[in-house]
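# Structural description and commentary
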Amino acid sequence: MVSRRNFFSITIMMLVLLVLFQFSMVLRDRQNTYDTNANLSQRVSDGEEAWSQETSRTSECFGEKKNIIFIGNASGSMGTAVTRWGTYIKQPVSFYDSLAAFEEGEGTLPQMLILESETYALGGNLVKLRKLVKQGVILVFGCLEDPKVLAENESLRKFLGIRSIVSETTELNGVRLFAGLLLGGESVYETPEKEDEKKRQDLELTVPWYQVGSGTKTYMVGLLPEESEANVKNEDLPTLIWRNGMDNGSVFAVVGDYLKDSSASGLLDGMLAEASDYTIYPIVNAQNLSMVDFPVFADENSGEIQRLYSQRTTGMVRDIMWPSLISITEQSGMKMTCFVEPQEDYLDGIEPNGSNMEFYLKQMKEQEAEAGLSLQYKAADSLADKLERDADFLKSTGSSYVYGAAFADQAELNEVWELTDSSLLKNVSTVTCGYTEDYPVVSYGTDSITLQCATSDGMNYTYRGDIRMKSIESALGYTNVMLNMQAIYWPERETDRWEIMQKQFASNLLTYWKNFSCFSNTTLSQSDARVRTFLKLDYKYSREDDEITLETSEAESSFILRTHGEEAEEIEGGRFERIEENVYLIYAEDTTVKIQVEAPDLSDYSGKN
């Protein structure tokens, strides 16, 4: 039995704890300036100042740069990918439809010459190419298209480093990407045995079987079916990407369409690094997580949602989805940009209710997340009408939150650019859309608004998507993982249920991006500021003994340094972080950065052949 004295003491302690708890909650609530977008990036007209092909040759700050030459169809998929890569590394790209036209149009040697296919190396062109390689030009065969051409041309096979052609057509069971060319380490993309996982395998698996000889370095090989691979040595597997080191230059060859999309940027950066003693190039340094159509504020399709989750739509979003998203992001360390959708169907008569707005803004503030605007909808008279009605709704909530980021369907981007001065979009400085090859990964949509395309669908992991993700991370230190929630509110398949989607999303996010945790986690507005810096900057670098000097037009910019065995020891004007072996993330805090490197042990040197 508790004495009166003890009962009184316990009561006093409980009252004190209650007061302290309530006080801390009140204090936290007052300090939570939830109605302010702390991530907001100012919308300024700096698009015309961004680097362009036309101005790169005559930069007043950093002088003339070596050319990248592309021989082939400039407007084709590979030509487009090479153009974007040149923009990102700040080097001019010139296009010619033949090697003869290049010789007539260029007075200086390029740093790299990319041939769209082997057909541009036939006849007397091979002699010219051999001369360029001897002069130190890096040569890339972007896609070996016809094994018959190589079978009939021994000189070209020798130039490429091909020892033999086992078969003109071979069926692969997968692909092995070795470490070194791209960041993220070695990966095996073997066709899964489980039926529900087979959709992951979307690589090109019908290829010629080339075996390369001595003096070459292999970066990717094909994997044969188990019964066929048993009697084949690893070095004799079909080679898909390799380098033939010769004279003062390097000849790279690619089998397949890997240089025909966004994967090209990372692969070409890797080739440049492999063929050079060291290299430095700028990156965005931003990892983004985009939640499209989250949260919603209208109880649309609530009959179906009630049947599946025993709650109306808005309740399910708040009580079921939001806690799951918090758990996922806390485990991954990534920051959410949540693109608010007041309603999906503007013709059904169901209007949004803003009573949860304060709850979400407070929660996002605590999670270091950002609220953006979703311009996606299922039914409306027009996009302009949707924007007007959304503006009225947001005003009715009493919130003064300023939205700096928006999501739009790719098909509506041109219309979005025409509406950027509307009341709802006047402060938007960056727009994101789903993954597409129609636009660069990061670019200017208008002279004052950046476009950041999604790089990955958080739900649908595929092998080609993984290679593309590694390539973009290698080239830009950038990702934008997108989860579009619309299918959850309007489910058509069993897999549209949230418990299934969130499990798959969490598994993908926590598995495939862990190797890139060195890059900064950002919201879309924070990323926008970094994209602007990246697009505007110019740079150059040089070396004297063991000191590398990097000069950049933009302080607070990020770069990747790639070496061959050398280790960064000290830095002045910035800081560095080791990403993986021979790769460093450089933060340029000043416009001049000096990096001291330790010379490699020549016995371990794995650079140029």
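Shown above is the structure to which this text applies.
This structure is a prediction, so every number in the text was calculated from the model and none was measured. (Residues numbered from 1 in each chain as written. Predicted model: local features only at pLDDT ≥ 70, side-chain atom pairs only at ≥ 80, totals over all residues. Heavy atoms only, no water.)

### Some thoughts on the packing of aromatic side chains
Evaluation of the coordinates by the stated rule reveals 21 aromatic pairs. Look at Y278 and Y541: their rings are 5.6 Å apart centre to centre, the planes differ by 65°, and that puts the pair in the edge-to-face class. Of this pair, Y278 sits in the loop between α9 (263–274) and β12 (279–283) while Y541 sits in strand β22 (residues 539–544), and the two are 263 residues apart along the sequence. Judged by its relative accessible area of 14%, Y278 is buried. Aromatic pair F297 and Y360: ring centres 5.9 Å apart, planes at 90°, arrangement edge-to-face. With F297 in the loop between β13 (286–296) and α10 (302–309) and Y360 in helix α12 (residues 357–366), the pair connects residues that are 63 residues apart, well separated along the chain. A residue is classified by how much of its surface remains accessible, and F297, at 2% relative accessible area, is buried. Over the face of the ring belonging to Y435 we find R468, whose NZ or CZ atom lies 3.7 Å from the ring centre. Residue placement shows R543 over the ring face of Y278; its charged tip is 5.6 Å from the ring centre. (Phe/Tyr/Trp six-rings, centres within 6.5 Å; stacked < 30°, edge-to-face > 60°. Helix = DSSP H or I, 4+ residues; strand = E, 2+ residues; numbered from the N terminus. Buried < 20%, exposed > 50% of the residue type's maximum accessible area, 1.4 Å probe, protein only. Lys NZ or Arg CZ within 6 Å of the ring centre and 35° of its normal.)

### Here we look at the pattern of salt bridges
A complete count under the given rule lists 26 salt bridges for this structure. With a shortest N-O distance of 4.0 Å, K540 and E551 are connected by a salt bridge. With K540 in strand β22 and E551 in strand β23 (residues 547–552), this residue pair connects regions lying 11 residues apart in the sequence. Taking the relative accessible area as the measure of exposure, E551 reaches 28% and is therefore partly exposed. Three or more residues joined by partner-sharing salt bridges are found here, namely K217, R243 and E274. (Salt bridge = Lys/Arg side-chain N within 4 Å of Asp/Glu carboxyl O.)

### Digging into the nonpolar core
If you look at soluble globular proteins, the nonpolar side chains tend to sit buried side by side. If you look at the biggest cluster of nonpolar residues, it comprises 164 residues, and the most contacted ones within it are L113, F141 and F294. In terms of residue count, helix α11 (residues 313–332) provides more of this core than any other element does, seven residues in total. Leaving out residues up to four positions away in the same chain, F141 has contacts with L115, S117, E118, A121, L129, L156, F159, L160, V251, F252, A253 and V254. Residues A286, I472, V531 and F534 belong to the second largest nonpolar core, which totals 13 residues. (Core = buried A, V, L, I, M, F, W, Y, C linked by side-chain atoms within 4.5 Å. Contact = heavy atoms within 4.5 Å.)

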